Amino acid sequence: MTGAPSAAGTPSAAGTPGPSSPPVRVLYLAGSGRSGSTLITTVLGQLDGCFAAGELRYLWQRGMLDNRPCGCGAPFDACPVWQAVTAELAAAAGPASAAGPDAAGIARRLRTRLRMRDLPAMLRRAGAGRRAVPHHADDAAIAAVYPAVARQVSRSGDGPVVVVDSSKLPPYGALLRDLPGIDLRVLHLVRDPRGTAFSWRRRRGLDGAADRKLMSRPPVWKAALLWRVWNAATARFFEAAGPDRYLRVRYEDVVVDPAGELRRIALFAGLDPAGLPVDAEGRVTLAPTHSVAGNPARHRTGAVPVSDDAEWVRALPGRSFAVVTAVTLPLLRRFGYPVRRPTAPPAPAVPPARAQGGPVTATTPSKEG
């Protein structure tokens, strides 16, 4: 689903689906941050029948409470699409809560329910066939978000509606899997951990260069630990579901063959890849989406080259490289990454295209999730 807010179509009547309603298909992008999720979410959002929702676990905090910009550029409370979604959620909450769900409480409790220190217990419960994240009264409000979002898609055919959620956190994906009315498919995105650790150290405004609030900047050892834990947990939670429910894709493979890899992802999600906006030179043409949270690259529009942000190959200090390699070594070979520092890549063959918000080059961080 693309375009300015007016392109979203007319919202259908408020209300949550009844027992006989078909489940909402959700493509959940899981794994570590800075692995290309923003690019993939935005590209898929250009396809008919798809809503690029961004990081929906932050809907309550960054959207409803902080009123941060939607991917379309409007403040959250001024975006007609999110106005329609929040109105539907308020209606679903019933007359006892005229203002809608308790956004502050849900945001606070989600942080508590998804803590890293509880991950071993979640994995044990999932392995025993139980809910990984124990049931909570908030689950009804969380489950109601996805059909409300799906109803904002302007259909051009009879294909399924797919909501793309790039929240990445594996426990949140496990929570969604256990909610009624959600047909979950997991796209596990991985990237060389040395590249992700380098990217996390960049100073970056939460919603662009002018934003005084910065994205988190963990030290390299912590970025490496998060990469190892979240990628291992993603595989543990979802890999056994089989190829119809779990697909692993490497960032490096996407930048080498964007058309082929994006087609594979679209087909896995159940979308028609014919509308993918990828040209023969590896550029994607992006219109605005309505992603609620994520990397500031979600605001990029226009022609954007899909090229490897490989500055880390040259610029990551040797000590940092050694630390990240040591921490992530158990998964490096599993995901096909070399232990030694790779040879610096050649300069990009495709000249940078100018997109809204400034030039995008091969080393620009804007293409990371």
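Residues numbered from 1 in each chain as written. Predicted model: local features only at pLDDT ≥ 70, side-chain atom pairs only at ≥ 80, totals over all residues. Heavy atoms only, no water.

A count of helices and strands for the protein chain gives 13 helices and nine strands. Looking at the 369 residues of the protein chain, the share that counts as buried comes to 55%. Put simply, 77% of the contacts in the protein chain that link residues at least 6 apart link residues at least 24 apart. Carbon together with sulfur atoms contributes 55% to the accessible area of the protein chain, which is approximately 15400 Å² in total. (Helix = DSSP H or I, 4+ residues; strand = E, 2+ residues; numbered from the N terminus. Buried < 20%, exposed > 50% of the residue type's maximum accessible area, 1.4 Å probe, protein only. Contact = heavy atoms within 4.5 Å. Areas by Shrake-Rupley, 256 points an atom, 1.4 Å probe, with all protein chains shown as cover.)

What follows concerns the pattern of salt bridges. Considering all chains together, one arrives at 15 salt bridges under this definition. Between R25 and D183 there is a salt bridge, with its nearest N and O atoms 3.3 Å apart. With a gap of 158 residues between them, R25 in strand β1 (residues 24–31) and D183 in strand β4 (residues 182–190) connect regions that are remote in the sequence. Connected through shared salt-bridge partners, R25, D183 and R245 make up one network. (Salt bridge = Lys/Arg side-chain N within 4 Å of Asp/Glu carboxyl O.)

All chains considered together, the criterion is met by five aromatic pairs. Geometrically, the ring pair formed by Y28 and Y172 is tilted, given 6.2 Å between the ring centres and 45° between the ring planes. Highlighted residues: Y28 in strand β1 and Y172 in helix α7 (residues 170–177), separated in sequence by 144 residues. Both residues of the pair, Y28 and Y172, belong to the buried class. One aromatic cluster is present, built from ring pairs that chain together F51, F76 and W82. (Phe/Tyr/Trp six-rings, centres within 6.5 Å; stacked < 30°, edge-to-face > 60°.)

One non-glycine residue, N67, lies in positive phi territory at about 55°. Assignment of secondary structure puts N67 in the loop between α2 (59–65) and α3 (80–93). Judged by relative accessible area, which is 29%, N67 ranks as partly exposed. Positive phi, close to 70°, is recorded for K168, a residue that is not glycine. Considering the arrangement of structural elements, one finds K168 in strand β3 (residues 162–168). For K168, a relative accessible area of 8% corresponds to the buried category.

Next up on the list: the nonpolar core. Among the nonpolar cores identified, the biggest contains 57 residues, and W60, W82, I142, Y146 and Y172 are the most heavily contacted of them. The element contributing the most residues to this core is helix α6 (residues 139–150), with nine residues. Ignoring any residue separated from it by four or fewer positions in sequence, one finds Y172 in contact with Y28, L56, R57, L110, L114, I142, Y146, D165 and S167. (Core = buried A, V, L, I, M, F, W, Y, C linked by side-chain atoms within 4.5 Å.)

Turning next to helix α4 (residues 103–113). Among the residues of α4, those classed as buried are A103, G105, I106, A107, L110 and R113. Those residues of α4 that are buried lie in contact with α2, α5 (119–127), α6 and α7.

Mean pLDDT for the protein chain: 84, with 80% of residues reaching 70 or above. When pLDDT is averaged over each element of the protein chain, α7 comes out on top at 98 and strand β9 (residues 358–359) at the bottom at 32. Segment residues 3–17 is flagged for pLDDT under 50; beyond a separation of four residues in sequence, or across chains, it makes 31 contacts in the model. Scored below 50 in pLDDT, residues 346–368 shows 65 contacts in the model against residues more than four places distant or in partner chains. (pLDDT = per-residue confidence, 0-100.)

On to the pairing of β1, then. Here β1 lies mainly inside the structure; eight of its eight residues are buried. Of the two faces of β1, both are covered, the one formed by V24, V26, Y28 and A30 as well as the one formed by R25, L27, L29 and G31. Note that β1 and β4 share eight bridges and pair parallel. Counted as the bridge partner of L27 is R185 from β4. (Pairing = 2+ DSSP bridges.)

Here we have five strands laid out as an open sheet, ordered β2-β3-β1-β4-β5, and parallel in their pairing. Edge strands, defined here as strands with exactly one partner in the open sheet, are β2 (50–54) and β5 (246–250). The average undirected angle you get between the axes of adjacent strands in this sheet is 25°. Against the sheet, helix α9 (residues 220–238) engages β1, β4 and β5, with an angle of about 145° to β4. (Axes fitted to C-alpha atoms, helices over the stretch in contact; angles between N-to-C directions.)

Attention shifts here to the packing of α5 against α9. Interaxial distance between α5 and α9 falls to 11 Å at its minimum, and their mutual angle equals 15°. Viewed along their axes, α5 and α9 adopt a mutual orientation that is roughly parallel. Like other packed secondary-structure pairs, α5 and α9 cross with a definite hand, here left-handed. Here α5 contributes L119, M122, L123 and A126 to the contact with α9, which in turn contributes V229, W230, A233, R236 and F237. Partitioned by chemical class, the residues of the contact of α5 with α9 number eight nonpolar, no polar and one charged. (Parallel < 35°, antiparallel > 145°, perpendicular 65-115°, else oblique. Left-handed = near helix turned anticlockwise from the far one by under 90°. Nonpolar A, V, L, I, M, F, W, Y, C, P; charged D, E, K, R; others polar.)

Turning our eyes to something else, we now look at the packing of helix α8 (residues 193–200) against helix α13 (residues 318–332). Interhelical geometry of α8 versus α13 gives an angle of 135° and a closest axis separation of 9 Å. The angle between the axes of α8 and α13 places the two elements in the oblique class. Judged by the twist between their axes, the crossing of α8 over α13 is right-handed. Contacts from P193, R194 and A197 in α8 reach F321, V324, T325, T328 and L332 in α13. For the contact of α8 with α13, the residue count by class is five nonpolar, two polar and one charged.

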